[in-house]
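Given next are the chains, with one letter for each unit.
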Amino acid sequence: MMEDFKVLHVLQEGPVLKVRLNSPETGNAVSGPLLDELLAVLDSVHDDPGIRLLILSGAGDDFCLGGDRAEFPSLLGAHPGGAGLHSLGNKARRMCDALASVHAVTVARLHGGVIGAGLGLAVFCDLRVGADNCRFRMPELGLGVPPAWGGVLPRLLHEAGAAKVRELLLTAENFDAARAAELSILHKVVPEEELDSTVERWTRPLLRRSPAALRTTKAMLNAYAGANRLADATFFDAELLTSAVAAAEAARQR
């Protein structure tokens, strides 16, 4: 955990690992470097059974305002065939898989904007608490791309339900913390000043649980969540995202 991170702040306090998205000047945008650092953190946790709880938060006014859209044309310019975008999409998939499957219990501590890929990061955490000032949005259709990032669509469908997710995607409307709680995207909604105490109320009993029982329970929950999926179409997310972004960029330049 002594990596020289540039877009994350990582602090270990015994069995608890606190990971903060730490580029508030970009709205904590999800970029290639951020994905690299998150993967490095999750690899370290995978190798350390002593870490039992991971808390994910964001610096500044927002948890995360989504993907780094400036990165897309840059990657296309460097790799006109789409190899750079494809690599970024696969990296997002690996990171989300790692976040979902890591043995530690993961807690998302949310405030401000939780948009697009930021919502994806949040829903891959086991427990989610949001400040009452949170605002959420799935803006992909408004940006001219499909919701093909990190395998987030099936996760959302499982957590919130198909009819509700369909509405959120097709309208691309903002929704607040109370609505997010109705959709089970948030487990708790509290005033922003109570976020840390709420996380602490979850932390104390979790650290008293048997580590083996926690690991097994989380593995069972993940297995049952995927049991009704006959095929995993999210393996195509990188291809879909690459094709859609390339087409949108070509249309913009005409």
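Just above, that's the structure.
Definitions and limits used
- Residue positions within a chain follow its written sequence, with the count starting from 1.
- A pLDDT threshold of at least 70 governs which residues receive local features in this predicted model, and a stricter bar of 80 or more applies before side-chain atom pairs are shown or counted, although totals over entire chains, interfaces and linings include all residues.
- Calculation of side-chain values draws on the structure's entire complement of heavy atoms; hydrogens and water are dropped beforehand.
- By definition, any uninterrupted DSSP run of H or I lasting at least four residues is a helix, any uninterrupted run of E lasting at least two residues is a strand, and each is numbered from the N terminus.
- Residue contacts follow a heavy-atom distance rule, with two residues in contact if any of their heavy atoms lie within 4.5 Å.
- In short, Shrake-Rupley with a 1.4 Å probe defines the accessible areas, and a residue's cover is counted only from the protein chains shown.
- Salt bridge, as used here: a side-chain nitrogen of Lys or Arg that lies within 4 Å of a carboxyl oxygen of Asp or Glu.
- To define a nonpolar core, start from buried Ala, Val, Leu, Ile, Met, Phe, Trp, Tyr and Cys residues and group those joined through side-chain atoms within 4.5 Å.
- Buried residues are those whose accessible area, probed at 1.4 Å on protein chains only, stays under 20% of the maximum for their type, while exposed residues exceed 50% and partly exposed ones sit between those limits.
- Whenever a helix is involved, its axis is fitted only over the stretch in contact; in every case the axis is a line through C-alpha atoms, and angles between N-to-C directions fall within 0 to 180 degrees.
- Our angle categories are set so that under 35 degrees counts as roughly parallel, over 145 as roughly antiparallel, 65 to 115 as roughly perpendicular, and the remainder as oblique.
- Note on pairing: DSSP must find at least two bridges between two strands before they are called paired.
- Note on aromatic pairs: the rings of Phe, Tyr and Trp (six-membered ring only in Trp) are paired at centre separations within 6.5 Å, and the planes decide the class, stacked below 30 degrees, edge-to-face beyond 60, tilted for the rest.

J.: Help me understand the overall build of the protein, please; the structure alone is not making it clear to me.
T.: Along the protein, the regular secondary structure elements total 10 helices and nine strands. Here the analysis covers contacts within the protein between residues at least 6 apart in sequence; of these, 73% occur between residues at least 24 apart. Element-wise, carbon and sulfur atoms account for 55% of the exposed surface of the protein, whose accessible area totals about 12200 Å².

J.: What is the right way to read the pattern of salt bridges from this model?
T.: A side chain with one charge may pair with a side chain of the opposite charge, provided their charged atoms come close. Scanning all chains against the criterion turns up 10 salt bridges. Across the pair Arg-135 and Asp-62 runs a salt bridge, and its minimum N-O distance is 3.2 Å. Of this pair, Arg-135 sits in strand S7 (residues 135-137) while Asp-62 is found in the loop between strand S3 (53-58) and helix H2 (71-78), placing the two residues 73 residues apart along the sequence. Two residues, Asp-126 and Lys-218, come together in a salt bridge whose shortest N-O distance is 2.8 Å.

J.: What exactly am I supposed to notice about the nonpolar core here?
T.: As a rule of thumb, soluble globular proteins bury nonpolar side chains together. Residues Met-95, Phe-136 and Ile-185 are the most contacted members of the largest nonpolar core, which totals 55 residues. Dropping the residues within four chain positions of it, Phe-136 is found in contact with Leu-110, Val-114, Ile-115, Leu-119, Glu-173, Asn-174, Phe-175, Asp-176, Ala-177, Ala-180, Ile-185 and Leu-186.

J.: Help me understand the packing of helix H5 (residues 152-160) against helix H6 (residues 162-171), please; the structure alone is not making it clear to me.
T.: If you want to describe how two helices pack, look at the angle between their axes and the distance between the axes. Running from amino to carboxyl end, H5 crosses H6 at an angle of 125°, the nearest separation of the two axes being 7 Å. As summarised for this structure, H5 and H6 are arranged oblique, according to the angle between their axes. Between H5, through Leu-153, Leu-156, Leu-157 and Ala-160, and H6, the contact on the second element is made entirely by Ala-162, Lys-164, Val-165 and Leu-169.

J.: Whenever I open this one, the sheet that holds strand S5 (residues 113-115) confuses me. Can you help?
T.: Sheets are built from strands that pair by backbone hydrogen bonding, the pairs being arranged parallel or antiparallel. Across the sheet, three strands lie side by side as S5-S7-S8; this open sheet has mixed pairing. The sheet is open, and its two edges are formed by S5 and strand S8 (175-176), each paired on a single side. Pairing geometry for S5 and S7, over three bridges, is parallel. Bridge pairing in S7 places Ile-115 opposite Arg-137.

J.: Could you clarify how one ought to interpret the sheet that holds strand S2 (residues 16-21) in this entry?
T.: Spatially, six strands are ordered S1-S2-S3-S4-S6-S9 in an open sheet, and the strand pairing comes out mixed. Both edges of this open sheet fall to strand S1 (8-13) and strand S9 (188-190), since each of them pairs with a single strand only. Adjacent strand axes in the sheet meet at a mean angle of 20° when their direction is disregarded. Sitting on the sheet, helix H1 (residues 32-46) touches S1, S2 and S3, and the angle it makes with S2 is about 175°.

J.: Teacher, can you tell me more about the packing of aromatic side chains here?
T.: Between two aromatic rings, the relevant description is the distance of the centres plus the angle of the planes. Using the criterion set out here, one finds one aromatic pair in the structure. Seen in terms of ring centroids, Phe-136 and Phe-175 are 5.3 Å apart; in terms of plane orientation they differ by 15°. Their pairing is stacked. Residue Phe-136 is found in strand S7, and its partner Phe-175 is found in strand S8; the two are separated by 39 residues along the sequence. Taking the relative accessible area as the measure of exposure, Phe-175 reaches 8% and is therefore buried.

J.: Is there a simple way to think about unusual backbone geometry in this case?
T.: Residues apart from glycine generally show negative phi values, whereas peptide bonds are mostly found in trans. The phi torsion at Ala-172 lies on the positive side, around 55°, for a residue other than glycine. Here Ala-172 shows up in the loop between H6 and S8. Residue classification places Ala-172 among the buried residues on the basis of a relative accessible area of 10%.

Take it as geometry only, folks, not as evidence of what the structure does.
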